[in-house]
Structure formats: C-alpha cells, structure tokens
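Report on the structure
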Amino acid sequence: MATATYPPPPPYYKLYKDYATNPSSAPAPPPPIKGTYVCFGANYTTDDILPGLEEQGVRQLYPKGNNIDFKKELRSLNRELQLHFLELADILVERPSQYARRVEEISVIFKNLHHLLNSLRPHQARATLIHVMELQIQRRKMAVEDIKRRREEAQRLLKEALGTLDGQ
C-alpha cells in the first residue's frame, strides 16, 4: 500500500500557475475584514476600542470622563493597593477565614490600574513614533553632513592633485 508523506496541495494553487510569467494573472487578495468576525468560536472586532470597566462587570474606582489626571489617579490607586495588601496581611494573621473579600478588592484595584494604563497606550504609541522619527531625522541629517564633508574633502584633494599636475 502506497501512502503520500504530504497531503496534496489545495486546489487553488492552479490559480497561480501562470504567476511566474504573468504576475497580474493571480487573483486579487480578499478585502480586509471590517466590523466583527468569529475566530475559533470567539467574536472579535476590527475596531480598537478599549471597553469600559463597567462593560466588563468591574467597579470603576476613578472618575469617569475624558479629563482624567492619570498621574494622580495611578498614585491614588497604588496607595489604595498598598493599604489593602497591609489589611490582607493583618486579616490573614487575625481572621484567616475572611480573606476572600480583601482579595476581591485587591483584584478590582488591579483591574482599575490595568485599565488606566491601557488607556494610555495610544499616547505611548504616538510618543514612541515621534521619538523614532526624530532619531531617523537626526541620523539622516548626520549622514547628509558626512556626505557634504566627504565631498568637500574630495574636491580639496582633486584641487591639490590638479595643482600638482599643473606644477610639473
């Protein structure tokens, strides 16, 4: 009995048989997906929107709105987290059976911290791109200056060589 080591290629490979001689003979790629789609049974969306905490069923501990002082709120949540950790340690020593509520409160604080940090991601991406572009501009300016310097040096060497040849 003969068996193949690899399965046969998918049937659409025939669409690309003339690709080597005529690249435009290949079919166009499918259009990008817009909106929602299902992948492995889960629904996804192409919109990059950070869902709110309350949409996820988590109590929001910082004020709502667009004018959030991120630095102040992150510090406040960090202090609250430290306090809850100390209280958890105290509860574990005094009343070990009552730790679950404190752990849940710590979980809510962590989720709020993560949400605040994730809402800063677009700003971080913009700042990173600006920094990378500034570095590229700086490198290109340095390369242009280096080319100008080398050109002037080559012109000087050519003038010296011409002067030497004229002098002989």
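The preceding data block contains the structure.
All of the points below concern the structure found in this document. (Residues numbered from 1 in each chain as written. Predicted model: local features only at pLDDT ≥ 70, side-chain atom pairs only at ≥ 80, totals over all residues. Heavy atoms only, no water.)

1. Quick word on the overall build of the chain
Scanning the chain from terminus to terminus reveals three helices and two strands. Helices (α) and strands (β) of the chain occur, in sequence order from the N terminus, as β-β-α-α-α. Since a compact globule built from 168 residues should have a radius of gyration of about 15 Å, the 32 Å found for the chain marks it as more spread out than a globular shape. Seen through its C-alpha atoms, the chain measures out along the principal axes to roughly 105 × 70 × 40 Å. (Helix = DSSP H or I, 4+ residues; strand = E, 2+ residues; numbered from the N terminus. Rg over C-alpha atoms; globule rule 2.2 N^0.38 Å.)

2. So, a nonpolar patch on the surface
A cluster of nonpolar side chains, Tyr12, Leu15, Tyr16 and Tyr19, forms an exposed patch at the surface whose accessible area comes to about 460 Å². Note on placement: tyrosine 16 falls in the segment before β1 (36-39). (Patch = residues over 30% accessible without salt bridge, like charges linked within 9 Å, V, L, I, M, F, W, Y side chains within 5 Å. Areas by Shrake-Rupley, 256 points an atom, 1.4 Å probe, with all protein chains shown as cover. Salt bridge = Lys/Arg side-chain N within 4 Å of Asp/Glu carboxyl O.)

3. Quick word on the pattern of salt bridges
With the rule as written, the count across this model stands at eight salt bridges. Residue glutamate 54 is joined to lysine 64 by a salt bridge in which the shortest nitrogen-to-oxygen separation is 2.9 Å. Here the residue glutamate 54 occupies a position in the loop between β2 (42-45) and α1 (70-94), and lysine 64 occupies one in the loop between β2 and α1, the gap between them amounting to ten residues. Taking the relative accessible area as the measure of exposure, glutamate 54 reaches 48% and is therefore partly exposed. Exposure remark for lysine 64: the relative accessible area of 58% places this residue in the exposed category. Via salt bridges that share partners, Glu87, Arg101, Arg102 and Glu105 belong to a single interconnected network. (Buried < 20%, exposed > 50% of the residue type's maximum accessible area, 1.4 Å probe, protein only.)

4. Quick notes on the pairing of β2
Both β1 and β2 contribute to a ladder of four bridges, which runs antiparallel. Bridging from a neighbouring strand, valine 38 pairs with asparagine 43 of β2. A loop of two residues connects β1 with β2, the two strands running antiparallel in sequence, and phenylalanine 40 in this loop sits at a positive phi of about 55 degrees. (Pairing = 2+ DSSP bridges.)

5. Quick notes on the environment of lysine 34
Relative to the helices and strands, lysine 34 resides in the segment before β1. In the structure, lysine 34 is positioned twelve residues away from threonine 46 in sequence and 6.0 Å away in space, judged by C-alpha atoms.

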